[in-house]
Amino acid sequence: MANDPYDFATRAIHAGAAPDPTTGARSTPIYQTTAYVFDDVDHAASLFNLQTFGYIYSRLTNPTVTVLEERLASLEGGRAAVCAASGHAAQLLAFFSLMEPGDEFLASRNLYGGSITQFAHAFKKFGWICHFVDPADPQNFKAALTPKTKAIFCEALANPGGSVVDLEPIAAIANAARIPLMVDNTLATPFLCRPFEWGADIVLHSTTKFLAGHGNAMGGAVIESGRFDWLSTNGRFPSMTEPDPAYHGLKFAETFGDFGYSMKTRAVGLRDLGPTMAPLNAFLTITGIETLHLRMARHVANAQAVAEYLAAHPAVAWVSYAGLKTSPYHALAKKYLPQGPGAVFTFGVKGGFDAGVRIVEGVELFSHLANVGDTRSLIIHPASTTHRQLTQAQQIAAGAGPDTIRLSVGLEGSDDLIRDLDRALARASG
């Protein structure tokens with residue numbers, strides 16, 4: 001269905017799914033099983049040799065998860081997808097298929113705080129080195145390239161500040177360097193932005209957020225465009241182009257062509273690291289995606305109303321939402337996110353750190369917790385929670401300074417959300 005001219009809404013409901021062939025069940029069943037019976041010894045051998053597609057063990061593949069993978073590939077306009085247990089697990093798998101010890105990659109410094117920590121500290125244990133780059137000028141990525149650089153990573157719509165990255169020139173830089181551009185599209189979702197259309201090679205998601213949409217299912221996904229030519233990189237990606245000793249010398253890029261990266265990620269990354277998505281979480285995410293187009297439109301409308309209210313409030317120092325005409329990212333949002341710049345943004349409260357703490361403790365309708373993308377509206381003070389492991393300079397660079405409050409605007413009535421914030425701001429200002 002990925003190549004058929006169906007509307008986004010139609011694909012959000014149907015892509016990858018069909019009535020169950022045994023029972024006729026219309027909703028995708030939850031295949032809560034660990035393993036699958038082989039037809040015979042030859043069938044088993046062909047599956048283990050990657051000569052036949054099918055199911056062996058649910059650490060690698062599961063029918064419920066497969067429906068979600070095919071649906072995500074369709075919605076993003078990609079060739080194939082691999083799901084994982086969380087967004088962080090998806091990032092680990094994505095780089096595991098590319099990197100060797102001593103390799104480097106570039107990442108926008110405007111990232112979710114957990115990603116900054118993963119890249120700067122955990123990845124070092126694999127021998128992978130990340131260099132953080134200011135994305136305000138795309139040429140900064142070109143200046144930071146080295147012979148060891150294997151990828152460029154950015155968030156299309158950055159968490160927590162809602163800044164918009166200029167994808168097209170960054171993609172051109174990556175393409176000229178013959179390295180993939182990896183884009184986290186979690187906050188935008190494919191309903192608002194499709195990075196492959198702007199030159200990205202790999203798209204990642206924390207499906208936990210807007211895709212699942214209800215705060216009830218963890219997950220992540222790695223989606224490939226199918227356009228990156230691994231064989232033309234002169235051996236720069238040996239894990240893709242050289243014989244794999246665990247599969248009798250099979251070369252993934254040569255054998256599987258435009259979905260070789262996904263096969264490598266699944267057959268080696270999932271097999272050896274094991275961060276598998278649970279079938280129940282896949283089922284819940286599939287169900288959530290069926291209303292993605294409806295939910296995102298409401299999320300955006302509510303976020304715009306709340307941002308405009310905050311921008312006019314005397315206790316608010318600034319609002320970082322690309323939907324406001326005063327935002328430095330407004331023009332980029334019109335280009336890359338014409339249906340709206342998402343529903344996660346930050347604002348600065350007068351009174352700094354202490355006032356920020358009082359506001360998150362003073363709301364009643366907003367939930368104070370560490371997530372985004374829920375049907376419910378959420379609030380957090382990043383400097384005391386999600387970004388507290390960073391230095392103050394890193395917090396400010398990431399758009400999470402001491403006065404910063406992050407909102408994830410949900411699907412409630414916008415007037416109710418505004419009243420809740422108004423009361424909390426009044427209490428915080430004394």
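Worth saying up front: this structure is predicted, and the values here are computed from it rather than measured.

Draft legend 1. Seen up close, the overall build of the protein chain. Counting its secondary structure elements, the protein chain contains 17 helices and twelve strands. Since a compact globule built from 430 residues should have a radius of gyration of about 22 Å, the 22 Å found for the protein chain is in line with a globular shape. When its C-alpha atoms are laid out on the principal axes, the protein chain stretches across 75 × 55 × 35 Å. When the 430 residues of the protein chain are sorted by exposure, 57% land in the buried category.

Draft legend 2. Region of interest: the environment of Val133. Residue placement: Val133 occurs in strand β3 (residues 129–133). Taking the C-alpha atoms as reference, Val133 lies 7.5 Å from Ala144; in sequence the two are eleven residues apart. Apart from the residues within four sequence positions on either side, Val133 is in contact with Leu106, Ala107, Ser108, Arg109, Asn140, Phe141 and Ala144.

Draft legend 3. Representation of the sheet that holds strand β10 (residues 367–368). Reading across from one edge, β8-β9-β12-β11-β10 is the order of the five strands in this open sheet, with mixed pairing throughout. Edge positions in the sheet fall to β8 (316–320) and β10, since each of these pairs with one other strand and no more. Examined bridge by bridge, β10 and strand β11 (residues 378–380) share two bridges and lie parallel to one another. Bridged to His368 within β11 is Ile379. On top of the sheet, helix α15 (residues 352–362) reaches β9 (344–349), β10, β11 and β12 (404–408); it is set at about 125° to β9, its chief contact.

Draft legend 4. The arrangement of the pairing of strand β1 (residues 80–84) in detail. The element β1 is extensively covered by neighbouring structure, given that five of its five residues are classed as buried. Residues of β1 alternate between two faces, with Ala80, Val82 and Ala84 on one and Ala81 and Cys83 on the opposite face, all of them buried. Sheet topology places β1 next to strand β7 (residues 220–224); five bridges connect them, and they run antiparallel. Paired with Ala81 across the two strands is Ile223, which belongs to β7.

Draft legend 5. The arrangement of the packing of helix α3 (residues 63–76) against helix α12 (residues 279–289) in detail. Look at α3 against α12: their axes get within 8 Å of each other, and the N-to-C directions meet at 35°. Along this stretch, α3 crosses α12, giving a crossing that reads as left-handed. Note on element contacts: α12 touches α3 through Pro279, Ala282, Phe283, Thr285, Ile286 and Ile289, opposite Thr64, Val65, Val67, Leu68, Arg71, Leu72 and Leu75. Partitioned by chemical class, the residues of the contact of α3 with α12 number ten nonpolar, two polar and one charged.

Draft legend 6. Representation of the sheet that holds β1. Pairing is mixed in the open sheet, where seven strands are placed in the order β1-β7-β6-β5-β4-β2-β3. One side of each edge strand has no neighbouring strand; the edge strands of this open sheet are β1 and β3. Taken over all neighbouring pairs, the strand axes of this sheet differ in orientation by 20° on average, direction set aside. Sheet analysis places strand β5 (residues 181–184) next to strand β6 (residues 202–205), joined by three bridges and oriented parallel. Looking at β6, one finds that Met182 is bridged to Ile202. Sheet contacts for helix α5 (residues 113–120): β2 (104–108), β3 and β4 (149–155); angle to β3, the most-contacted strand, approximately 135°. This element, helix α11 (residues 260–273), spans β1, β5, β6 and β7 of the sheet and lies at about 25° to β1.

Draft legend 7. Just the packing of aromatic side chains, in detail. Taken as a whole and judged by the stated rule, the model has 23 aromatic pairs. Where Phe95 meets Phe153, the ring centres are 6.1 Å apart and the plane angle is 40°; that geometry is what we call tilted. Taken as a pair, Phe95 in helix α4 (residues 87–96) and Phe153 in strand β4 lie far apart in primary sequence, 58 residues in all. For Phe153, a relative accessible area of 0% translates into the label buried. Judged by centre distance (5.0 Å) and plane angle (85°), the ring pair of Phe123 and Trp128 falls under edge-to-face. Linked through ring pairs, Phe95, Phe105, Phe119, Phe123, Phe126, Trp128 and Phe153 together constitute an aromatic cluster.

Draft legend 8. Spotlight on the nonpolar core. Phe95, Met182, Phe252, Leu310, Phe345 and Leu407 are the most contacted members of the largest nonpolar core, which totals 125 residues. For this core, the element with the highest residue contribution is helix α13 (residues 292–311), accounting for eight residues. Leaving out residues up to four positions away in the same chain, Phe95 has contacts with Phe105, Phe119, Phe123, Trp128, Ala151, Phe153 and Met182.

Draft legend 9. Here's a closer look at α3. Its 14 residues give α3 an end-to-end C-alpha distance of 20 Å, which sits within 8% of 20 Å, the value for a rise of 1.5 Å per residue. Of all 14 residues making up α3, 13 are buried, and the element is well covered by its neighbours. Capping the start of α3 is the job of one residue whose side-chain oxygen sits 2.9 Å from the backbone nitrogen of Thr64: Asn62.

Draft legend 10. Structural view of the pattern of salt bridges. A complete count under the given rule lists 14 salt bridges for this structure. In this structure, the salt-bridge partner of Lys264 is Asp244, at a minimum N-O distance of 2.7 Å. Note that Lys264 is positioned in helix α11 and Asp244 in the loop between α9 (238–241) and α10 (252–256), a separation of 20 residues in sequence. Classification of Lys264 by relative accessible area gives buried; the value is 8%. Between Glu364 and Arg427 there is a salt bridge, with the nearest N and O atoms lying 3.6 Å from each other. Taken together, the positions of Glu364 in the loop between α15 and β10 and Arg427 in helix α17 (residues 414–428) put the pair 63 residues apart, joining distant regions of the chain. We classify Glu364 as exposed; its relative accessible area is 58%. In this structure Arg427 comes out as partly exposed when scored by relative accessible area, which is 45%.

Draft legend 11. Looking closely at the state of the cysteines. Summed over all chains, the structure comprises zero disulfides. Of all cysteine sulfurs in the structure, the one in Cys193 sits closest to Cys154, which takes part in no disulfide; the separation is 9.5 Å. A relative accessible area of 0% means that Cys154 is categorised as buried.

Calculation rules
- Residues numbered from 1 in each chain as written.
- Predicted model: local features only at pLDDT ≥ 70, side-chain atom pairs only at ≥ 80, totals over all residues.
- Heavy atoms only, no water.
- Helix = DSSP H or I, 4+ residues; strand = E, 2+ residues; numbered from the N terminus.
- Rg over C-alpha atoms; globule rule 2.2 N^0.38 Å.
- Buried < 20%, exposed > 50% of the residue type's maximum accessible area, 1.4 Å probe, protein only.
- Contact = heavy atoms within 4.5 Å.
- Pairing = 2+ DSSP bridges.
- Axes fitted to C-alpha atoms, helices over the stretch in contact; angles between N-to-C directions.
- Left-handed = near helix turned anticlockwise from the far one by under 90°.
- Nonpolar A, V, L, I, M, F, W, Y, C, P; charged D, E, K, R; others polar.
- Phe/Tyr/Trp six-rings, centres within 6.5 Å; stacked < 30°, edge-to-face > 60°.
- Core = buried A, V, L, I, M, F, W, Y, C linked by side-chain atoms within 4.5 Å.
- Expected span 1.5 Å × (residues − 1).
- Polar contact = N/O pair within 3.5 Å; in protein donor to acceptor, adjacent residues only side chain to side chain.
- Salt bridge = Lys/Arg side-chain N within 4 Å of Asp/Glu carboxyl O.
- Disulfide = S-S within 2.5 Å.

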